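Overview (structure and organization)
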Amino acid sequence: MAETYLTLTNKVIARLNEVALTSTTFSSARGIQVQCQNAINESIRFINQREFNYPFNHATESKTLTAGVVRYTLPTSTKTVDYNTFRIVQNSTLGNSGYKLGQLDYNDYINRVVNQEDEISTTTTSTTHTDSVTTITVSSTTGFDSSGTIVIGGETITYTAIGSSTTFTGCTRGANRTTAATIASGVTVTQFTKGGVPEIVVRTPDNNYLLYPFPNKEYVIKFDYYTFPTDLAAHGDTTTIPDRFAPVIIDGATAFVYQYRGETQQYQLNMQRFEQGIKNMQTLLINKFSYLRSTFIPRAGVHGSGNVDIRSV
């Protein structure tokens, strides 16, 4: 049975010899019961802040790119990203193979290829469109060619004129062997002449990422990251921390309740046990290796030659 916010809180309450909560009384808790609820979340946050790469907080993002868009934001729950895992997903329809992206420092990007962003004109649609309308209404046509091609989602659209400061007219839908589709309001509209399949990922100063070259189609990228879970709220909420480590959560929560109450000795005893529990979690989940490999190459004529492969399990 999974540990819930209610069961974790009641285990702390039991240590303090106070009245347990039920699913009915959980939201109307008072006094020490509320302190125990708060302490559970504080304990979970403490555990998650101590280590970035807990496997139980691992996630994989699959992102469909927008043609002509350079910069992208990470998922809102992101704690840290493994930039070594960015890869393009193979897509035979789009004609791209799958491969790992290289990395480039942001300052090097600025010094070498940031001008790719000057090659793109961008706006957004300001109303919905069917898949057959020949006038596309946008927020602004400033910076776009007087006639040419725009890209919206996976559809390429040619136009013969800019009808006003907010419309493209004489549109041919589903150009360049793409498929005409309905278009929602607020969708990105881009115009560009270059771009391609991205080869490089760059971590930006605001802790998001950008791609070079910018995508010219709706390619898909994947990458691995670690989340920072939200606090528990409802009595039935569960934590990402495995149930076998529930005693660690309870030790921490008990310590925090004693700290709230100014009982220093009890706080220190429980905090010491809490800290040891976190160290054990890190050893079991982060620092355990199944084997070690030696790359030592002996000199010729000494105990043979070639690589030595030593494994210990």
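Report on the accompanying structure. Note that the structure is predicted; figures quoted are calculated from it, not measured.

Here we come to the overall build of the protein. Secondary structure assignment for the protein yields 5 helices and 16 strands. The C-alpha atoms of the protein give 28 Å as radius of gyration, which overshoots the globular expectation for 313 residues (20 Å, by more than 25%). By its C-alpha atoms, the protein is 80 × 80 × 35 Å across when sized along the principal axes. Expressed as a percentage of its 313 residues, the buried residues of the protein come to 40%. In the protein, 65% of the contacts between residues at least 6 apart in sequence involve partners at least 24 apart.

Side chains on a regular strand alternate between the two faces of the sheet. Relative to strand E16 (residues 220-227), strand E3 (residues 78-88) is paired through 6 bridges, and the arrangement is antiparallel. Bridged to Asp82 within E16 is Asp224.

Once that is clear, we can look at the pairing of strand E10 (residues 161-164). Sheet topology note: the E10/strand E11 (residues 167-169) ladder contains 3 bridges and is antiparallel. When the sheet's bridge partners are listed, Ala161 is paired in E11 with Thr169. Count of turn residues in the E10/E11 antiparallel hairpin: 2 residues.

Bringing the nonpolar core into the picture now. Val12, Ile40, Ile47, Ile241 and Met281 are the most contacted members of the largest nonpolar core, which totals 34 residues. Looking at this core, the elements with two or more residues in it are helix H1 (5-15), helix H2 (32-50), helix H4 (246-260) and helix H5 (264-285). The dominant element in this core, judged by the number of residues it contributes, is H4, at 9 residues. When near neighbours in sequence (up to four residues on either side) are disregarded, Ile47 contacts Tyr54, Ile241, Val248, Ile249, Phe274, Ile278 and Met281. One finds Ile88, Val201, Tyr209 and Phe223 within the second-largest nonpolar core, a separate group that totals 17 residues.

This next bit is on the layout of surface pockets. By volume, the largest pocket is sized at about 500 Å³. Lining the largest pocket are 21 residues; nearest its centre among them are Gly154, Thr156, Thr178, Asn216 and Lys217. Only strand E8 (148-152) and strand E13 (188-191) provide two or more residues apiece to the lining of the largest pocket. In terms of residue count, E8 provides more of the lining of the largest pocket than any other element does, 3 residues in total.

This next bit is on the pattern of salt bridges. As enumerated under the stated definition, the model contains 10 salt bridges in all. Members of the salt-bridge network, linked through shared partners, are Arg15, Asp251 and Arg273.

A few words on empty space enclosed by the protein. Over the atoms rolls a probe the size of a water molecule, and its path tells where empty space is left. Counted under the stated rule, the structure contains 1 cavity of 30 Å³ or more. What lines the largest cavity is Asn41, Ile44, Arg45, Asn48, Phe228, Pro229, Thr230 and Asp231.

Attention now goes to H1. Among all positions of H1, only Tyr5, Leu6, Leu8, Thr9, Asn10, Val12 and Ile13 are buried. In the core, the buried residues of H1 are packed alongside H2 and H4. Of the residues one or two after H1, Asn17 is the one with positive phi, at around 60°.

Basis of the calculations
- Residues numbered from 1 in each chain as written.
- Predicted model: local features only at pLDDT ≥ 70, side-chain atom pairs only at ≥ 80, totals over all residues.
- Heavy atoms only, no water.
- Helix = DSSP H or I, 4+ residues; strand = E, 2+ residues; numbered from the N terminus.
- Rg over C-alpha atoms; globule rule 2.2 N^0.38 Å.
- Buried < 20%, exposed > 50% of the residue type's maximum accessible area, 1.4 Å probe, protein only.
- Contact = heavy atoms within 4.5 Å.
- Pairing = 2+ DSSP bridges.
- Core = buried A, V, L, I, M, F, W, Y, C linked by side-chain atoms within 4.5 Å.
- 1 Å grid on protein atoms, 1.4 Å probe; cavity = no way out; pocket = protein on both sides within 12 Å on 5 of 7 lines; lining within 4 Å.
- Points joined across faces, edges and corners; volume = space filled by probe spheres on them.
- Salt bridge = Lys/Arg side-chain N within 4 Å of Asp/Glu carboxyl O.

The quantities given are spatial measurements derived from coordinates; they are silent on function.
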